[in-house]
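# Residue-level structural notes
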Amino acid sequence: MTVHAPTGAPTGAPPAALPEDGARAVEEAARRLAGVVATTPLEPSARLSAATGARVRLKREDLQVVRSYKVRGAYNLIAQLGERERARGVVCASAGNHGQGVAYACAALGVPGRVYLPRTTPRQKRDRIAALGGEHVETLVVGDTYDDSAAAAAAWAEGTGATLVPAFDHPRTMAGQGTVALEVVEQLAALGEDPPDVLVVPVGGGGLIAGMLTWLTRRHPGVRVVGAEPLGAPSMAAAVRAGGPVLLDSVDTFVDGASVRRVGAATHPVVAAAGAELVTVPEGAVCVEMLAMYQTDGIIAEPAGALATAALLQGLGVREGQSVVCVVSGGNNDVSRYAEIVERALVHEGRKHYFLVEFPQEPGALRRFLDEVLGPDDDITHFEYVKRNNREFGPALVGIEVPSPDDLPGLLQRMEAAPPTFERITGDEPLYRYLL
């Protein structure tokens, strides 16, 4: 995990970039959302408390009405439109969660809407958006990437006068997302407790963390706010370093709910001015945490939903007994992804490794490899062999799972001593991209 030091004003004093009216906007949004979106549970986590020594609670936005916090910002923006604006309708681009929030808001408010989706959006999310929006929302699949869909949505807004509903880069969206922080503080107060010592928040485009900071820096400046970004898409950290939003050269889209190339022009100044800490979390660590949440806690989290708790386990320097809240931002995970999640988790933990092995093309070669190389508890989980009739050797791609990372040196020693030559495939090689 990479830790980026706070930049700008300390959270102990409200910076000029976070005016009083921003905090009031969050409080007004909370009143607007009352009875419309769920007040999600704030649940103690025995597993994370035992691992850290802190008193850890989870803010379960995965149990929100659309299984993510995105509905808060979408509804807050659309609800403030005038009659003429509502009549012209709204439009957005989305890879899933934001589109569901917009669809729900359109149906609740009776506003016509359009949601543009890239072709890579899973059908389950397309169907969910259509079901939530009903007769009020039209879904259109346009382009191969989110950028293609965003361009189509912007063109529709320009041509028709429809209101574009940004996923994060709008003050009203940010105010809606910021109600998560207000809700956390109120829930702790109901338990007779002070605001949390530490609040860990996933960061993509920055709408959630910016909205929460807008309110916290005015109302509870002593709360330490930590933003967790995926290692493959640290766009907010890049913006803070550069002094403004920048376009990342490349993005690992595995943590799709938080993988953006460029953060918002409205969100970045808030994060920078508040001096929030930003950390990056490897995608493999996110996968390990997703499996722990599922197997131990019974929580189905999407990758972005596991970012905050994964960051906490990577080490944030929390002290024993501190009150810590991690936001589980969403639970819209496609079950078909779990095979990849398990694979990435095993590789991250150092328990699965890949090799190119040159087998002699003779009877018994594979059996000798199994007898001489594999330990009693090692397991071949991947094997692809290409037989060449005109060669003495044939290459095989072999994936081996070991019980513990400590078992790898012994495996490598046995492979060195065995007759077949081999080459270990690591994450630095282009071939690795075809495995994960």
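In this text, all values refer to a predicted model and were calculated from it rather than measured experimentally. (Residues numbered from 1 in each chain as written. Predicted model: local features only at pLDDT ≥ 70, side-chain atom pairs only at ≥ 80, totals over all residues. Heavy atoms only, no water.)

## A short note on the sheet that holds strand β4 (residues 90–93)
- With parallel pairing, 4 strands are arranged side by side in an open sheet as β6-β5-β4-β7. Each having just a single partner strand, β6 (137–141) and β7 (163–164) make up the two edges of the open sheet.
- Pairing of β4 with strand β5 (residues 113–117) involves 4 bridges; the strand directions are parallel. Considered in β5, the bridge of Val90 is made with Gly113. (Pairing = 2+ DSSP bridges. Helix = DSSP H or I, 4+ residues; strand = E, 2+ residues; numbered from the N terminus.)

## A look at the side chain of Thr217
- The residue Thr217 is located in helix α9 (residues 207–219) in this model.
- By relative accessible area, which is 2% here, Thr217 ends up buried.
- At 2.6 Å, the side chain of Thr217 and the backbone oxygen of Leu213 are in polar contact. (Buried < 20%, exposed > 50% of the residue type's maximum accessible area, 1.4 Å probe, protein only. Polar contact = N/O pair within 3.5 Å; in protein donor to acceptor, adjacent residues only side chain to side chain.)

## A word on helix α6 (residues 123–133)
- Among the residues of α6, those classed as buried are Lys125, Arg126, Ile129, Leu132 and Gly133. Mapping the buried residues of α6 onto a view down its axis gives an arc of 135°, with all of them on the same face. Exposed side chains of α6 directed beyond 90 degrees from the buried face belong to Arg123 and Ala131.
- Packed against the buried residues of α6 are α5 (97–109), β5 and β6. (Arc of directions from axis to C-beta. Contact = heavy atoms within 4.5 Å.)

## So, the environment of Trp215
- Here Trp215 lies in helix α9.
- Residues Trp215 and Ala181, 34 residues apart in the sequence, show an inter-C-alpha distance of 7.5 Å.
- Once residues lying within four places of it in the same chain are set aside, the contact partners of Trp215 are Ala23, Val26, Glu27, Ala181, Leu182, Val185 and His220.

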